[in-house]
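Listed here are the chains, written in short residue letters.
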Amino acid sequence: MAKPHVTMEVGNDGVAVITICNPPVNALAIPILNGLAEKFGEATRRDDVKAIVLTGKGGRFSGGFDINVFQKIHETGDISILPDVSVDLVVNVIEDCKKPVVAAVEGLALGGGLELAMVRVFLSAAAISVFFLGGFAFCELLLIAVVVVQGCHARVAAPKTQLGLPELTLGVIPGFGGTQRLPRLLGLQKAIEIMLMSKPILSEEGNKLGLIDAVVPSQELLKVSRQWAVDIADRRKPWLRSLHRTDKIGSLAEAREVLKAARLQAKRTASNMPQHQACLDVIEEGIVHGGYNGVLKEAKVFKDLVLTDTSKGLVHSFFAQRLTSKVPNVTDVGLKPRNVKKVAVIGGGLMGSGIATALIVSNIFVVLKEINSEYLLKGIRIVEGNVRSLVTRKKLTKEKADKALSMLKGVLDYSEFKDVDMVIEAVIESVPLKQKIFSEIEKACPPHCILATNTSTIDLNLVGEKTSSKDRIIGAHFFSPAHIMPLLEIVRTEKTSAQAILDLMAVGKTIKKVPVVVGNCTGFAVNRAFFPYTQGAHMLVNLGVDVFRIDRLISSFGLPMGPFQLQDLAGYGVALAVGKEFANAFPDRTFRSPLVDLLIKSGRNGKNNGKGYYIYEKGSKPKPDPSVLPIIEEARRLTNIMPNGKPINVTDREIVEMVLFPVVNEACRVLDEGVVVRASDLDIASVLGMSFPSYRGGIVFWADLVGAKHVYDSLKKWSQAYGGFYKPSRFLEERATRGLPLSAPASSASGSRARM
Ligand SMILES: C[C@H](O)CC(=O)SCCNC(=O)CCNC(=O)[C@H](O)C(C)(C)COP(=O)(O)OP(=O)(O)OC[C@H]1O[C@@H](n2cnc3c(N)ncnc32)[C@H](O)[C@@H]1OP(=O)(O)O
């Protein structure tokens, strides 16, 4: 593959077309920034160049600054590798260039990519200044506010080009001046929305808002951009005169109101992430003290944020998610995914209907099978409801919803199965029933058909025991609600063929899930690692800690709700069934709490009947129910584990750790047994399947930030005080004593047993 580079071609029209070449997304890697500086310098100097068009190769303008650089900083702690001179040279040279520059934007212009394209609008004239941050020199652009704009500028875009500043999703803020320019171009409200929600807009909307000058068909993009550049150079099109624009920002008082509302919103939705408030501070600086000061503050804050744990976690999550699509011996052996056009889903309950919904909205034809017309009708109604709710939430247009529903066919027998490419069984968790279904579908389906089960606990070898198609048997473990939750665990046995895995991965991507390939064990990767989560919480309650305090602390840590509210939401039946499954599989480390049984006996079933740990009333938030306290007391009396009969005294931090370290401990076993290909797969699975906060990077990444030694020492101390539930695993002990991160590959630690 060619190294990242920048090309320049000068045409007879006097236009130099400068092209960023760094597939697949033309990330602004350091060689690209250097290349841009060089080519802009050359174009500025050459007499035969009168205008410049900046574009990206391969139909994508640029996906922004190279995120690998952030990762390197996180690994080494060396912030000096952040480009200073090169970035500045680029900006400075582009800025200083006295020739018109037109950005020809296609596909996407994100982050630094969009900021490059925006440069000329806001910046009028530039000079370089050097200032010092934390001991190293950082060249930065100074805007001279009083100089009338000499440059000119335009952005021409192809239809449906994505324009956005998603830097906050990486724990930083826009760092090439985006915090200052976007509000001036789009107005404060819209710019804040784009930055804080990291939500791109399309070129059509950008055109309406004034960010894009023209939207033209892709095949005409370069031609029109060249002509535009020539027209500006020849003064047929006006030179944009943009001093420090404030026309779209409004008065200071109005701006402050908008910022205040945004701050409140960010406090509610992103309380643990510093980049949101920081971004608003930087925007405010520019509004109150002018764009120049805003740019200076942006540069400083950007560098501070790159070093935060939040940025480390989010950048890790970014790469971890993408790494899941690389599965040794599956994606690297030259196989091609086969086309899956028609899928049969067996079972029209919540899971089956959710899966069917996910498939049809992605244009895959679905045959939904039930055992009788009453159940079938119910299933179809659920699918219709799911699709309608996607329309209500503006995730789907009405036309697409109608098309999706036309791709669903309900059936009561197997006659439609003769040409399906995949079956996904989603019936109740009963081994004999699943075995019967699998031996039937083996006969009813064509020989290439993949036979998948959505079981969340049953051993796949058992499911396929009565078939002779073991290579086609695979787990497709969706998370509820299946049409919304982004994780798809693909469970393989020793016999599942690489082709079947690859095909299911491709289907997963088509239906916009993140497929993570895992091994076959009780609970697979996510449920297995998280089974001690609820038990850890119950252990604490039985040790005398307040239920609502635990929930509050876990929510403040960043999970969407605490373990008890989650139990209310899922229903106690689920809690009991799952608890039993894990107690059978891992009796040595199961804590048996009588609390759920007592709650059921007292007529509670969580959110389902409006009575759980919380009171559920329509239209209001769940309220802690004080009448649950005597039931908890009864549970404590039965377990009798409080030392000297008195509640334990624990800090807030210990509470969070006593719930989550047992999860880390089980995650260690998952790693040790090779259930996941790599630790980062478990990280992303925990984020997407359990809503573990992505800004903490996932369960293993977070544990490594905390430190394996601290996790190990704590668990050891608790296991001595409170028993085997906390006993550190062999893997954790080894990593902690050898000073190795939990995420280090098995080869870094002798004795680890990778089984995949
Ligand atoms: C100073 C500045 O203000 C700071 C910045 O600009 S920070 C960067 C801001 N930009 C972003 O956050 C965009 C990040 N990228 C994305 O959202 C998506 O990759 C995308 C929408 C561009 C493309 O999505 P999609 O087509 O699904 O491809 P996707 O699989 O995600 O990416 C393709 C490859 O490009 C890489 N990539 C994408 N954006 C990248 C970037 N900005 N830097 C480095 N690599 C990047 C991915 O890691 C992946 O690599 P792989 O093939 O080795 O796994």
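Residues numbered from 1 in each chain as written. Predicted model: local features only at pLDDT ≥ 70, side-chain atom pairs only at ≥ 80, totals over all residues. Heavy atoms only, no water.

**Quick notes on the site of the ligand**
What surrounds the ligand is a group of 27 residues, the closest being Arg-60, Gly-112, Glu-115, Glu-167 and Arg-322. The separation between an oxygen atom of the ligand and a polar side-chain atom of Arg-60 is 2.7 Å. Here the ligand loses 74% of its free accessible area of 970 Å² to cover by the protein chains. Listed by contribution, the elements that provide at least two residues to the shell around the ligand are helix H2 (67-76), strand S5 (108-110), helix H4 (112-122) and helix H12 (309-323). Split by residue class, the shell around the ligand holds 15 nonpolar, 6 polar and 6 charged. (Near = heavy atom within 4 Å. Polar contact = N/O pair within 3.5 Å; in protein donor to acceptor, adjacent residues only side chain to side chain. Areas by Shrake-Rupley, 256 points an atom, 1.4 Å probe, with all protein chains shown as cover. Helix = DSSP H or I, 4+ residues; strand = E, 2+ residues; numbered from the N terminus. Nonpolar A, V, L, I, M, F, W, Y, C, P; charged D, E, K, R; others polar.)

**Some thoughts on the UniProt feature "domain: 3-hydroxyacyl-CoA dehydrogenase C-terminal" (unreviewed entry) in the protein**
Mapped onto this numbering, the UniProt entry gives "domain: 3-hydroxyacyl-CoA dehydrogenase C-terminal" (unreviewed entry) at residues 523-616 and 655-736. Helix makes up 73% of residues 655-736 and strand 0%, whereas the separation of the span's terminal C-alpha atoms amounts to 21 Å. (UniProt positions renumbered as here; feature names shortened; annotations may be inferred.)

**A closer look at the packing of aromatic side chains**
The way to describe two aromatic rings as a pair is by their centre distance and the angle between their planes. Across all of its chains, the model carries 21 aromatic pairs by this definition. Here Tyr-572 and Tyr-613 contribute two aromatic rings whose centre-to-centre distance is 6.2 Å and whose plane-to-plane angle is 75 degrees, an arrangement assigned as edge-to-face. Of this pair, Tyr-572 sits in helix H22 (residues 572-585) while Tyr-613 sits in the loop between helix H23 (595-601) and strand S20 (614-615), placing them 41 residues apart in sequence. Side by side, Tyr-572 and Tyr-613 carry an identical accessibility label, which is buried. Through a chain of ring-to-ring contacts, three or more aromatic side chains come together here, namely Phe-557, Phe-661, Phe-692, Trp-702, Trp-718, Tyr-722, Phe-725 and Tyr-726. (Phe/Tyr/Trp six-rings, centres within 6.5 Å; stacked < 30°, edge-to-face > 60°. Buried < 20%, exposed > 50% of the residue type's maximum accessible area, 1.4 Å probe, protein only.)

**Brief notes about the sheet that holds strand S14 (residues 408-411)**
Strands in a sheet are paired, the pairing made by backbone hydrogen bonds, and the direction either parallel or antiparallel. One open sheet accounts for 8 strands, arranged S14-S13-S12-S15-S16-S17-S18-S19; its pairing is mixed. Two strands in the sheet have a free side with no partner beyond their single neighbour: S14 and strand S19 (514-519). Here the strands of the sheet are splayed against their neighbours by 25 degrees on average, with no regard to which way each runs. Of the strand pairs in this sheet, strand S12 (residues 342-346) and strand S13 (residues 365-369) are connected by 5 bridges, and their pairing is parallel. Looking at the pairing, Val-343 lines up with Val-366 of S13. Packed on one face of the sheet, helix H16 (residues 431-444) meets S12, strand S15 (422-425), strand S16 (450-453) and strand S17 (473-478) and runs near 165 degrees to S16. (Pairing = 2+ DSSP bridges. Axes fitted to C-alpha atoms, helices over the stretch in contact; angles between N-to-C directions. Contact = heavy atoms within 4.5 Å.)

**Things to note about the confidence of the model for the protein**
Of all residues in the protein, 91% attain a pLDDT of 70 or more, and the chain-wide mean is 90. A low-confidence stretch, residues 121-152 (pLDDT under 50), is modelled with 108 contacts involving residues beyond four sequence positions or located in other chains. Here residues 750-756 is a poorly scored stretch, pLDDT under 50, and it has 26 contacts once near neighbours within four places are set aside; other chains count. ipTM for the predicted complex: 0.99, alongside a pTM of 0.92. (pLDDT = per-residue confidence, 0-100.)

**Some words on the packing of helix H19 (residues 526-542) against helix H25 (residues 652-672)**
Between H19 and H25, the least distance of the axes is 8 Å, while the angle of their chain directions is 155 degrees. Judged by the inter-axis angle, H19 sits roughly antiparallel to H25. H19 and H25 meet at a crossing whose hand is right-handed. The segment H19 lies against H25, with Arg-528, Ala-529, Phe-530, Phe-531, Pro-532, Tyr-533, Gly-536, Ala-537 and Leu-540 engaging Ile-655, Met-658, Val-659, Leu-660, Pro-662, Val-663, Glu-666, Ala-667, Arg-669 and Val-670. (Parallel < 35°, antiparallel > 145°, perpendicular 65-115°, else oblique. Left-handed = near helix turned anticlockwise from the far one by under 90°.)

**Describing the side chain of Ser-353**
Along the chain, Ser-353 turns up in helix H13 (residues 350-360). Its relative accessible area of 0% is what places Ser-353 among the buried residues. If near-sequence neighbours (up to four positions away) are discounted, Ser-353 is found in contact with Gly-347, Gly-348, Gly-379, Ile-382, Val-383 and Asn-386.

**Description of the sheet that holds strand S9 (residues 162-164)**
One open sheet holds the 3 strands; their spatial order is S5-S9-S10, and the pairing between them is mixed. Every interior strand has two partners, whereas the edge strands, S5 and strand S10 (201-202), have only one. The pairing of S5 with S9 spans 3 bridges and is classified as parallel. Of the residues in S9, the one forming a bridge with Ala-109 is Leu-163.

**Comments concerning helix H5 (residues 178-186)**
Helical geometry: 3.6 residues make up each α-helical turn, so side chains three or four residues apart lie on a common side. Counting buried positions along H5 yields 9 of 9 residues, so the element is predominantly enclosed. Listing the buried residues of H5 in full gives Gly-178, Thr-179, Gln-180, Arg-181, Leu-182, Pro-183, Arg-184, Leu-185 and Leu-186.

**Some points on the environment of Ser-602**
Structurally, the position occupied by Ser-602 is in the loop between H23 and S20. With relative accessibility at 35%, the residue Ser-602 sits in the partly exposed group. Distance from Ser-602 to Phe-478, taken between C-alpha atoms, is 32 Å for residues 124 residues apart in sequence. A distance of 2.8 Å separates the side chain of Ser-602 from the backbone oxygen of Leu-599, its partner in a polar contact.

**Examining the pattern of salt bridges**
Per the stated rule, a full pass over the model turns up 39 salt bridges. Across the salt bridge formed by Lys-434 and Glu-425, the nearest N and O atoms sit 2.6 Å from each other. Here Lys-434 matches Glu-425 in class, with each residue buried. A network of salt bridges, in which partner residues are shared, links Arg-528, Asp-588, Arg-589, Glu-666, Arg-669 and Glu-673. (Salt bridge = Lys/Arg side-chain N within 4 Å of Asp/Glu carboxyl O.)

**Comments concerning unusual backbone geometry**
Of note, the amide linkage connecting Pro-23 to Pro-24 takes the cis form, showing an omega dihedral of 5 degrees. Here Pro-24 is to be found in the loop between strand S2 (15-21) and helix H1 (30-45). Here the bond from Ser-480 into Pro-481 is cis, since omega is -5 degrees, no more than 30 degrees from zero. Structurally, Pro-481 can be placed in the loop between S17 and strand S18 (487-492). In this model, Asn-329 sits at a positive phi of 65 degrees, which is unusual for a non-glycine residue. Here Asn-329 shows up in the loop between H12 and S12. Note on Asn-329: relative accessible area 57%, which makes it exposed. Backbone geometry at Asn-640 places phi at a positive 50 degrees, although glycine is not the residue there. Positionally, Asn-640 belongs in the loop between helix H24 (629-639) and H25.

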